[in-house]
Amino acid sequence: MTSHPYRDMPATAFWRRSVAGKGPAIDPVAGAFLTLAREDKVATAGSCFAQNIARHLKNSGFDFLVTESAHPIVPPHVAERHGYGLYSARYGNIYTARQLLQLFDRAYGAFTPAEDIWPAPGGSGLVDPFRPTIEPGGFASEAELRADRTHHLSRVREMFETLDVFVFTLGLTEGWVSTVDGAVFPLCPGVSGGVFDAGRHRFHNFRTGEVVSDLAAFIARLRGVNPGARIILTVSPVPLAATASGNHVLAATTYSKSVLRAAAQEIAEDHPGVFYFPSYEIITGAPAGARYFAEDLRNVTEEGVAHVMSVFLRHAAGIEAPAPATLKAEAPDATVAAARRWVEVMCDEAMLDAPDE
Amino acid sequence: MSRAILVIGQSHVAAIRAAAKIRREADPERLRTRVIHTIEPQYAPELVGDGDEARFAPALAEAIGDQITRHDPLVASASGGNVHNGFALIRHPRPYDFLLSGEDGPPLDPEAEPLSEALVRAALENGLARDRARLRAIRRVAGAAIQLESPPPLADSAAIAAQADAYFKDRGIAALGVASPRLRYKIWRLHSRIIAGYCAELGLGFLPVPRETQDDNGFLLPHLAGDATHGNAAYGEAVIRGLEAM
């Protein structure tokens with residue numbers, strides 16, 4: 001028998017052995033992965049899918065780091081509506097790597113965007129352009145907004161400086177950028193506050209090199225204030241709600257996710273202590289057959305999230321959570337649809353396709 | 001005004017009752033101001049039902065109806081008016097502050113966690129469910145009525161600490177300290193705005209505290225305080241005069 005490198009490869013290297021016939025409950029993690037201890041403080045950020053990771057970590061008894069919690073006088077349902085508890089601090093969804101980098105720089109005073117206050121939708125109140133949905137109805141005054149932002153950024157600094165593990169879910173490559181200073185907004189101006197101005201706002205679709213560069217810069221800065229920080233990168237499986245690229249939204253989604261996936265791989269390969277976790281593959285891969293998407297083929301079901309987190313906890317913490325049931329071949333669509341429950345997450349990107357008021 | 005007055009409420013009716021007693025003793029022929037304290041034992045359980053369906057218990061509704069039938073009074077409500085004290089009399093272990101919208105209120109305490117007014121409003125409203133139910137119940141029983149703004153807070157924190165009643169002492173006011181006067185004032189103002197909003201929704205009037213009971217910064221004048229959170233007979237007299245002037 002001829003010897004060649006594939007002879008000694010593990011089963012995970014072969015589609016037939018590790019994917020074919022395995023059903024949706026596959027485990028696509030191979031090789032070394034981060035080890036998570038119960039006492040490790042885990043912080044999360046990213047696109048809306050990252051909210052699921054935060055929720056499951058909390059529920060699994062891990063030390064989910066929250067440096068910006070709601071004040072105890074605030075009723076829980078109100079706190080949730082105001083963006084508390086979704087992530088480690090109240091920054092809302094961070095869709096692009098550039099946004100993450102700029103959050104760090106804003107927190108440490110290295111970047112002060114020129115456009116830093118927006119009128120709220122409807123004209124009453126003010127919105128923070130960098131977390132436009134965290135204060136429903138808007139802030140009552142500029143002084144209130146600025147005081148809240150100062151507090152928020154102090155909590156962000158505390159998070160960066162005290163976390164042990166940072167889980168960042170890459171969501172988008174498409175973004176809206178200030179032509180004045182390059183500030184990246186999580187939502188297009190005018191969608192949830194602000195006024196779109198073609199002279200001051202331009203569309204940008206980040207390329208792989210830019211995402212890699214932004215992530216590398218972020219890691220360097222994070223390690224500058226927290227040398228021991230370990231990082232897990234994931235790519236959100238949630239397709240784009242809308243694209244401004246001129247491409248079909250499906251093709252735009254493929255581009256965006258491909259760039260993010262490639263960038264995550266390069267970063268994980270080049271930076272010690274940075275790991276890639278394949279939640280994207282678990283949800284969107286052929287084995288799942290769209291099973292983990294809700295009827296809109298965009299939102300991820302609780303079943304899918306549970307599978308992602310069971311794989312995550314198995315490899316990060318050695319915990320065997322119950323895996324989702326294997327899909328029966330004869331299962332009719334109606335059965336699948338009935339079993340799917342949408343995961344309630346704050347996905348403000350969906351506002352891009354909101355009907356006109 | 002040539003009408004008797006009926007004031008319905010809880011702890012804040014004490015100032016009105018004391019003022020009315022002094023008036024009655026001075027001039028027995030004067031039109032009377034009467035009060036109904038809704039949580040006195042004979043009216044228990046005060047409210048029956050939940051939420052929008054909450055109503056005064058039959059004994060209480062009957063007592064109010066009887067007063068209205070017999071005296072055709074101007075009906076006022078001193079209902080509630082304590083939730084703001086629950087929030088801002090004792091210094092919170094996690095100090096917070098907020099800015100009042102629409103007026104030049106006190107600035108933020110730099111040592112406190114800034115909250116948006118919307119969050120503080122939500123917190124207050126969460127605590128105001130019973131007071132709101134009382135207002136609905138009054139509207140049902142009395143028709144048109146006037147809600148009295150609750151007395152402003154005292155500016156003097158030491159006086160509050162010394163006069164705080166058992167409720168606040170049990171909650172550790174001695175150990176935690178008294179909240180800052182600025183927060184007390186802002187919480188009271190926001191509380192009043194919320195109550196005024198409820199009244200507007202329900203078709204009830206809202207009578208602000210008599211200006212002469214406040215100092216230049218809006219706090220209750222010390223000589224009008226009955227204790228840390230209530231007015232005294234002189235305060236009650238000022239309120240009655242305010243009602244008579246309507």
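Here the structure is a predicted model, which means the values were calculated and not measured.

(A) Main features of the packing of helix α1 (residues 13–26) of chain B against helix α10 (residues 233–244) of chain B. Residues and elements named next belong to chain B. Between α1 and α10, the shortest axis-to-axis distance is 7 Å and the interhelical angle comes to 85°. On the basis of the axis angle, α1 is roughly perpendicular to α10. Across the interface between the two elements, Ala15, Ile16, Ala18, Ala19 and Ile22 from α1 touch Ala233, Tyr235, Gly236, Glu237, Val239 and Ile240 from α10. Residue composition of the contact of α1 with α10, grouped by class: nine nonpolar, one polar and one charged.

(B) Expanded view of the pairing of strand β1 (residues 5–9) of chain B. Residues and elements named next belong to chain B. Most of β1 is tucked away: five of the five residues are buried. The alternating pattern of β1 places Ile5, Val7 and Gly9 on one face and Leu6 and Ile8 on the opposite face, and all of these are buried. Where β1 meets strand β2 (residues 33–37), five bridges bridge the pair, whose relative direction is parallel. Bridge pairing links Leu6 to Arg34 in β2. The β-α-β motif built from β1, the intervening α1 and the parallel element β2 has right-handed crossover chirality. Examined bridge by bridge, β1 and strand β5 (residues 74–78) share five bridges and lie parallel to one another. Each bridged residue has a counterpart across the sheet, and for Ile5 the counterpart in β5 is Leu74.

(C) Geometry of the interface of chain A and chain B. Taken together, the contact between chain A and chain B spans 17 residues of the former and 16 residues of the latter. A total of five residues in the side of chain A that touches chain B trace back to one element, the largest contributor, which is helix α5 (residues 142–162) of chain A. Across the side of chain A that touches chain B, the residue classes break down as nine nonpolar, five polar and three charged.

(D) Focus on the nonpolar core. Counting residues in each nonpolar core, the largest one holds 76 residues, and the members touching the most others are Val7, Ile16, Ala76 and Leu89 of chain B. No other element matches the seven residues that helix α9 (residues 181–202) of chain B contributes to this core. Ala45, Ala89, Tyr95 and Val167 of chain A belong to the second-largest nonpolar core, a separate cluster that totals 73 residues.

(E) Main features of the sheet that holds strand β5 (residues 165–170) of chain A. Residues and elements named next belong to chain A. As summarised here, the arrangement of the five strands in space is β2-β1-β5-β9-β10, forming an open sheet in which the pairing is parallel. The two strands at the open ends of the sheet, each matched to only one other strand, are β2 (63–64) and β10 (274–276). Taken together, the six bridges between β5 and strand β9 (residues 230–235) define a ladder with parallel strand orientation. Paired with Val165 across the bridge in β9 is Arg230. Lying on the sheet, helix α7 (residues 249–270) is in contact with β5, β9 and β10; it crosses β9 at an angle near 160°.

(F) Here's a closer look at the sheet that holds strand β6 (residues 174–178) of chain A. Within the open sheet, the three strands sit side by side as β7-β6-β8 (chain A). Their pairing is antiparallel. Edge positions in the open sheet fall to β7 (184–185) and β8 (201–205) of chain A, since each of these has one partner strand only.

(G) Region of interest: the packing of helix α5 (residues 129–142) of chain B against α9 of chain B. All names here are of chain B. In the contact formed by α5 and α9, the axes pass within 10 Å of each other and the chain directions differ by 30°. Where α5 crosses over α9, the handedness of that crossing is right-handed. On α9, the residues touching Arg132, Leu135, Arg136 and Arg139 of α5 are Tyr198, Cys199 and Leu202. Looking at the contact of α5 with α9, its residues break down into four nonpolar, no polar and three charged.

(H) Representation of the environment of Thr253 of chain A in the model. Residues and elements named next belong to chain A. Mapping Thr253 onto the fold places it in helix α7. By C-beta crowding, Thr253 is classed as buried, having 21 other C-beta atoms within 10 Å. Along the primary structure Thr253 and Ile231 are separated by 22 residues, whereas in three dimensions their C-alpha atoms are 25 Å apart. Each residue touching Thr253, except ones within four places of it in the same chain, is listed here: Pro239 and Leu240.

How each quantity is defined
Residues numbered from 1 in each chain as written. Chains lettered and ligands numbered in written order. Predicted model: local features only at pLDDT ≥ 70, side-chain atom pairs only at ≥ 80, totals over all residues. Axes fitted to C-alpha atoms, helices over the stretch in contact; angles between N-to-C directions. Helix = DSSP H or I, 4+ residues; strand = E, 2+ residues; numbered from the N terminus. Parallel < 35°, antiparallel > 145°, perpendicular 65-115°, else oblique. Contact = placed C-beta atoms within 7 Å. Nonpolar A, V, L, I, M, F, W, Y, C, P; charged D, E, K, R; others polar. Buried ≥ 20, exposed ≤ 12 C-beta atoms within 10 Å, placed from the backbone. Pairing = 2+ DSSP bridges. Right-handed = clockwise from strand over helix to strand, strands pointing away. Core = buried A, V, L, I, M, F, W, Y, C linked by C-beta atoms within 7 Å. Left-handed = near helix turned anticlockwise from the far one by under 90°.

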